[in-house]
Amino acid sequence: DGGITQSPKYLFRKEGQNVTLSCEQNLNHDAMYWYRQDPGQGLRLIYYSQIVNDFQKGDIAEGYSVSREKKESFPLTVTSAQKNPTAFYLCASSITSGSDTQYFGPGTRLTVL
Amino acid sequence: DAKTTQPTSMDCAEGRAANLPCNHSTISGNEYVYWYRQIHSQGPQYIIHGLKNNETNEMASLIITEDRKSSTLILPHATLRDTAVYYCIVRVSAGNNRKLIWGLGTSLAVNP
(Lines give C-alpha, C1' and ligand atoms only; values in the text may rest on other atoms or scores of the structure.)
Protein backbone atom coordinates (compact mmCIF):
# COMPACT_ATOMS: atom_id res chain seq x y z
CA ASP A 1 0.00 0.00 0.00
CA GLY A 2 1.28 3.48 -0.84
CA GLY A 3 0.95 6.15 1.78
CA ILE A 4 2.45 8.21 4.55
CA THR A 5 3.39 6.79 7.90
CA GLN A 6 4.06 8.69 11.09
CA SER A 7 5.39 7.17 14.23
CA PRO A 8 4.68 6.93 17.02
CA LYS A 9 0.96 7.78 17.26
CA TYR A 10 1.35 9.02 20.84
CA LEU A 11 4.54 10.45 22.33
CA PHE A 12 5.28 11.70 25.81
CA ARG A 13 8.36 13.70 26.76
CA LYS A 14 9.63 15.64 29.69
CA GLU A 15 9.96 19.38 29.41
CA GLY A 16 13.39 20.42 28.12
CA GLN A 17 13.99 17.31 26.02
CA ASN A 18 14.33 17.34 22.27
CA VAL A 19 12.14 14.85 20.44
CA THR A 20 12.11 13.71 16.81
CA LEU A 21 8.92 12.77 14.98
CA SER A 22 9.16 10.39 12.06
CA CYS A 23 7.48 10.82 8.67
CA GLU A 24 7.97 8.39 5.78
CA GLN A 25 6.23 8.26 2.39
CA ASN A 26 6.40 5.72 -0.42
CA LEU A 27 4.36 7.77 -2.89
CA ASN A 28 7.47 9.07 -4.69
CA HIS A 29 6.33 12.61 -3.92
CA ASP A 30 8.83 15.46 -4.18
CA ALA A 31 7.24 17.79 -1.63
CA MET A 32 6.68 17.14 2.06
CA TYR A 33 5.18 19.25 4.84
CA TRP A 34 4.87 19.44 8.60
CA TYR A 35 1.84 21.00 10.26
CA ARG A 36 0.85 21.60 13.84
CA GLN A 37 -2.76 21.45 15.03
CA ASP A 38 -3.98 22.66 18.42
CA PRO A 39 -7.40 21.72 19.84
CA GLY A 40 -10.26 23.26 17.88
CA GLN A 41 -7.86 24.97 15.48
CA GLY A 42 -6.89 24.67 11.85
CA LEU A 43 -3.52 23.46 10.63
CA ARG A 44 -0.47 25.72 10.78
CA LEU A 45 2.56 25.13 8.59
CA ILE A 46 5.86 24.51 10.40
CA TYR A 47 8.28 23.56 7.60
CA TYR A 48 8.06 22.31 4.06
CA SER A 49 10.45 20.74 1.60
CA GLN A 50 10.12 20.97 -2.16
CA ILE A 51 12.92 18.57 -2.95
CA VAL A 52 15.64 16.50 -1.31
CA ASN A 53 18.23 18.53 0.63
CA ASP A 54 16.03 21.61 0.56
CA PHE A 55 13.50 22.97 3.04
CA GLN A 56 11.86 26.27 3.97
CA LYS A 57 10.32 27.69 7.11
CA GLY A 58 6.58 27.92 7.37
CA ASP A 59 4.57 30.20 9.62
CA ILE A 60 5.64 28.78 12.98
CA ALA A 61 9.16 27.36 12.51
CA GLU A 62 10.65 28.70 15.74
CA GLY A 63 11.67 25.89 18.07
CA TYR A 64 11.54 23.24 15.32
CA SER A 65 14.10 21.78 12.93
CA VAL A 66 13.88 19.40 9.96
CA SER A 67 16.08 17.52 7.53
CA ARG A 68 15.44 16.05 4.09
CA GLU A 69 18.31 13.72 3.31
CA LYS A 70 16.13 11.19 1.49
CA LYS A 71 13.13 11.71 -0.73
CA GLU A 72 10.94 9.45 1.33
CA SER A 73 11.80 10.83 4.78
CA PHE A 74 11.18 14.21 6.45
CA PRO A 75 11.75 14.00 10.21
CA LEU A 76 10.76 16.87 12.51
CA THR A 77 12.65 17.67 15.70
CA VAL A 78 10.82 19.55 18.41
CA THR A 79 13.52 21.29 20.41
CA SER A 80 13.52 22.55 23.96
CA ALA A 81 13.26 26.07 22.52
CA GLN A 82 9.66 25.41 21.48
CA LYS A 83 7.69 27.04 24.28
CA ASN A 84 4.44 25.13 23.89
CA PRO A 85 5.19 21.83 22.13
CA THR A 86 2.13 19.85 23.20
CA ALA A 87 0.05 19.46 20.03
CA PHE A 88 -1.05 17.14 17.22
CA TYR A 89 1.61 17.01 14.48
CA LEU A 90 0.70 16.13 10.91
CA CYS A 91 3.00 15.26 8.03
CA ALA A 92 1.86 15.55 4.42
CA SER A 93 3.25 15.13 0.93
CA SER A 94 2.35 16.21 -2.58
CA ILE A 95 3.58 15.19 -6.01
CA THR A 96 5.36 18.51 -6.43
CA SER A 97 5.41 21.73 -4.47
CA GLY A 98 3.13 23.19 -7.14
CA SER A 99 0.40 20.68 -6.33
CA ASP A 100 -2.07 21.63 -3.63
CA THR A 101 -3.42 18.11 -3.33
CA GLN A 102 -1.70 16.99 -0.18
CA TYR A 103 -1.83 13.53 1.31
CA PHE A 104 -1.62 13.31 5.08
CA GLY A 105 -0.27 10.81 7.54
CA PRO A 106 -2.25 9.71 10.63
CA GLY A 107 -0.49 12.23 12.90
CA THR A 108 1.53 12.09 16.10
CA ARG A 109 0.07 13.45 19.31
CA LEU A 110 2.93 14.88 21.38
CA THR A 111 2.45 15.60 25.06
CA VAL A 112 5.18 17.34 27.00
CA LEU A 113 4.92 16.81 30.74
CA ASP B 1 -5.45 34.76 8.13
CA ALA B 2 -7.87 32.41 6.45
CA LYS B 3 -9.29 33.61 3.14
CA THR B 4 -12.44 31.54 3.48
CA THR B 5 -15.53 31.74 5.68
CA GLN B 6 -17.49 28.65 6.69
CA PRO B 7 -20.26 27.99 9.22
CA THR B 8 -18.91 26.61 12.47
CA SER B 9 -21.17 23.59 12.55
CA MET B 10 -23.94 21.82 10.63
CA ASP B 11 -26.20 18.83 11.11
CA CYS B 12 -27.46 16.40 8.52
CA ALA B 13 -29.71 13.34 8.66
CA GLU B 14 -28.21 10.07 7.49
CA GLY B 15 -29.09 9.36 3.86
CA ARG B 16 -29.79 13.00 3.08
CA ALA B 17 -27.59 15.34 1.07
CA ALA B 18 -25.19 17.48 3.07
CA ASN B 19 -24.57 20.91 1.56
CA LEU B 20 -21.58 22.72 3.03
CA PRO B 21 -21.16 26.37 2.01
CA CYS B 22 -17.96 28.39 1.76
CA ASN B 23 -17.38 32.05 1.03
CA HIS B 24 -14.13 33.10 -0.66
CA SER B 25 -14.93 36.57 -1.90
CA THR B 26 -11.28 37.61 -2.35
CA ILE B 27 -10.26 34.63 -4.44
CA SER B 28 -7.99 35.42 -7.37
CA GLY B 29 -8.72 34.36 -10.90
CA ASN B 30 -6.19 31.55 -10.98
CA GLU B 31 -6.75 30.20 -7.46
CA TYR B 32 -8.37 26.84 -6.98
CA VAL B 33 -10.81 25.99 -4.21
CA TYR B 34 -9.86 22.84 -2.30
CA TRP B 35 -11.91 20.80 0.12
CA TYR B 36 -10.47 18.48 2.71
CA ARG B 37 -12.05 16.74 5.68
CA GLN B 38 -10.66 15.57 8.99
CA ILE B 39 -12.22 12.82 11.01
CA HIS B 40 -11.51 13.17 14.71
CA SER B 41 -7.84 12.61 15.62
CA GLN B 42 -6.89 11.56 12.08
CA GLY B 43 -4.99 13.28 9.30
CA PRO B 44 -7.01 15.38 6.82
CA GLN B 45 -8.25 13.69 3.67
CA TYR B 46 -8.43 15.35 0.26
CA ILE B 47 -11.98 15.44 -1.15
CA ILE B 48 -12.16 17.55 -4.30
CA HIS B 49 -10.98 20.79 -5.91
CA GLY B 50 -12.12 23.12 -8.66
CA LEU B 51 -11.39 26.37 -10.46
CA LYS B 52 -14.48 27.53 -12.33
CA ASN B 53 -16.53 24.56 -13.41
CA ASN B 54 -18.53 22.27 -11.17
CA GLU B 55 -16.70 19.09 -10.31
CA THR B 56 -17.81 15.62 -9.22
CA ASN B 57 -15.94 12.57 -8.02
CA GLU B 58 -16.76 9.43 -6.10
CA MET B 59 -16.84 11.31 -2.81
CA ALA B 60 -18.62 14.57 -3.50
CA SER B 61 -19.66 17.34 -5.86
CA LEU B 62 -18.34 20.88 -5.85
CA ILE B 63 -20.52 23.73 -7.06
CA ILE B 64 -18.74 27.04 -7.67
CA THR B 65 -20.74 30.20 -8.31
CA GLU B 66 -20.20 32.03 -11.56
CA ASP B 67 -18.48 34.95 -9.83
CA ARG B 68 -16.34 32.40 -7.93
CA LYS B 69 -16.97 34.16 -4.63
CA SER B 70 -18.54 31.14 -3.01
CA SER B 71 -18.84 27.40 -3.39
CA THR B 72 -20.80 24.47 -1.96
CA LEU B 73 -19.57 20.99 -1.24
CA ILE B 74 -22.29 18.39 -1.63
CA LEU B 75 -22.21 14.93 -0.07
CA PRO B 76 -25.15 13.37 -1.93
CA HIS B 77 -26.07 10.66 0.57
CA ALA B 78 -24.43 11.38 3.91
CA THR B 79 -23.51 8.46 6.16
CA LEU B 80 -22.41 8.39 9.79
CA ARG B 81 -18.83 7.99 8.58
CA ASP B 82 -19.04 11.43 6.96
CA THR B 83 -19.09 13.05 10.40
CA ALA B 84 -15.95 15.20 10.32
CA VAL B 85 -14.59 18.73 10.10
CA TYR B 86 -14.69 19.99 6.51
CA TYR B 87 -12.15 22.57 5.39
CA CYS B 88 -12.60 24.87 2.42
CA ILE B 89 -9.20 26.20 1.35
CA VAL B 90 -7.75 28.54 -1.23
CA ARG B 91 -4.08 28.90 -1.91
CA VAL B 92 -2.02 31.94 -0.97
CA SER B 93 0.91 32.78 -3.18
CA ALA B 94 3.72 35.17 -2.30
CA GLY B 95 6.54 35.03 -4.78
CA ASN B 96 7.90 31.50 -4.83
CA ASN B 97 6.28 30.71 -1.51
CA ARG B 98 2.86 29.16 -1.80
CA LYS B 99 0.84 27.58 0.94
CA LEU B 100 -2.64 26.51 1.89
CA ILE B 101 -4.41 28.56 4.54
CA TRP B 102 -6.40 26.31 6.85
CA GLY B 103 -9.30 27.92 8.70
CA LEU B 104 -11.45 26.37 11.41
CA GLY B 105 -13.71 24.49 9.00
CA THR B 106 -17.28 23.28 9.43
CA SER B 107 -17.97 20.50 11.91
CA LEU B 108 -20.54 18.27 10.22
CA ALA B 109 -22.55 15.90 12.39
CA VAL B 110 -24.47 13.20 10.50
CA ASN B 111 -27.26 11.92 12.70
CA PRO B 112 -29.03 8.53 12.47
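Higher on the page you've got the structure.
Participant: So what about the state of the cysteines? Which residues, and what values?
Facilitator: Counted by the stated rule, this structure contains two disulfides over all chains. One disulfide bridge connects C23(A) with C91(A), the sulfur atoms lying 1.8 Å from each other. The chirality of the disulfide connecting C23(A) with C91(A) is left-handed, given an S-S dihedral of about -75°. Within this pair, whereas C23(A) is found in strand β3 (residues 19–25), its partner C91(A) is found in strand β9 (residues 87–94), the two being separated by 68 residues in sequence. Residue classification places C23(A) among the buried positions, given a relative accessible area of 1%. Judged by relative accessible area, C91(A) falls into the buried class, the value being 0%. Between C22(B) and C88(B) runs a disulfide, and the two sulfur atoms are separated by 2.1 Å. Every disulfide takes its handedness from the sign of the S-S torsion; for C22(B) and C88(B) that torsion is -80°, giving left-handed. Taken together, the positions of C22(B) in strand β2 (residues 18–23) and C88(B) in strand β8 (residues 84–94) put the pair 66 residues apart, joining distant regions of the chain.

Participant: Any details on the interface of chain A and chain B? Residues and values, ideally.
Facilitator: Chain A puts 21 residues into the contact, and the matching count from chain B is 18 residues. Summed over both sides, the interface between chain A and chain B buries roughly 1,600 Å², with carbon and sulfur atoms accounting for 47% of that surface. It is L43(A), D100(A) and F104(A) that lose the most area in chain A upon contact with chain B, and together they represent 33% of the buried surface on that side. For the pair chain A and chain B, the number of links is zero salt bridges. Mapped by element, the contributors of at least two residues to the side of chain A that touches chain B are β4 (31–37), β5 (43–51) and β9 of chain A.

Participant: Residue-level account of the side chain of S93(A), with values.
Facilitator: Residues and elements named next belong to chain A. Relative to the elements of secondary structure, S93 occurs in strand β9. Engagement of the side chain of S93 in a polar contact is seen with the side chain of H29, the distance being 2.7 Å. Sequence-distant contacts of S93, defined by excluding residues within four places in its chain, comprise I4, Q25, L27, H29, A31, M32, Y33, T101, Q102 and Y103.

Participant: Please give an account of the environment of Y32(B) that cites residues and values.
Facilitator: Mapping Y32(B) onto the fold places it in the loop between β2 and β3 (33–38). Considering only alpha carbons, one finds Y32(B) and M10(B), 22 residues apart in sequence, at a separation of 24 Å.

Participant: An account of the sheet that holds strand β7 (residues 64–66) of chain A is needed here, citing residue identities and associated values.
Facilitator: Residues and elements named next belong to chain A. Strand order in the open sheet formed by four strands is β1-β3-β8-β7, and the pairing between neighbours is antiparallel. Each having just a single partner strand, β1 (4–7) and β7 make up the two edges of the open sheet. If you compare each strand with its neighbour and ignore which way they point, the axes differ by 20° on average. Here three bridges tie β7 to strand β8 (residues 76–78), and the two strands are oriented antiparallel to one another. When the bridges of β8 are listed, S65 appears paired with T77.

Cut-offs applied
- Residues numbered from 1 in each chain as written.
- Chains lettered and ligands numbered in written order.
- Predicted model: local features only at pLDDT ≥ 70, side-chain atom pairs only at ≥ 80, totals over all residues.
- Heavy atoms only, no water.
- Disulfide = S-S within 2.5 Å.
- Helix = DSSP H or I, 4+ residues; strand = E, 2+ residues; numbered from the N terminus.
- Buried < 20%, exposed > 50% of the residue type's maximum accessible area, 1.4 Å probe, protein only.
- Contact = heavy atoms within 4.5 Å.
- Buried area = accessible area lost by both parts, 1.4 Å probe.
- Salt bridge = Lys/Arg side-chain N within 4 Å of Asp/Glu carboxyl O.
- Polar contact = N/O pair within 3.5 Å; in protein donor to acceptor, adjacent residues only side chain to side chain.
- Pairing = 2+ DSSP bridges.
- Axes fitted to C-alpha atoms, helices over the stretch in contact; angles between N-to-C directions.

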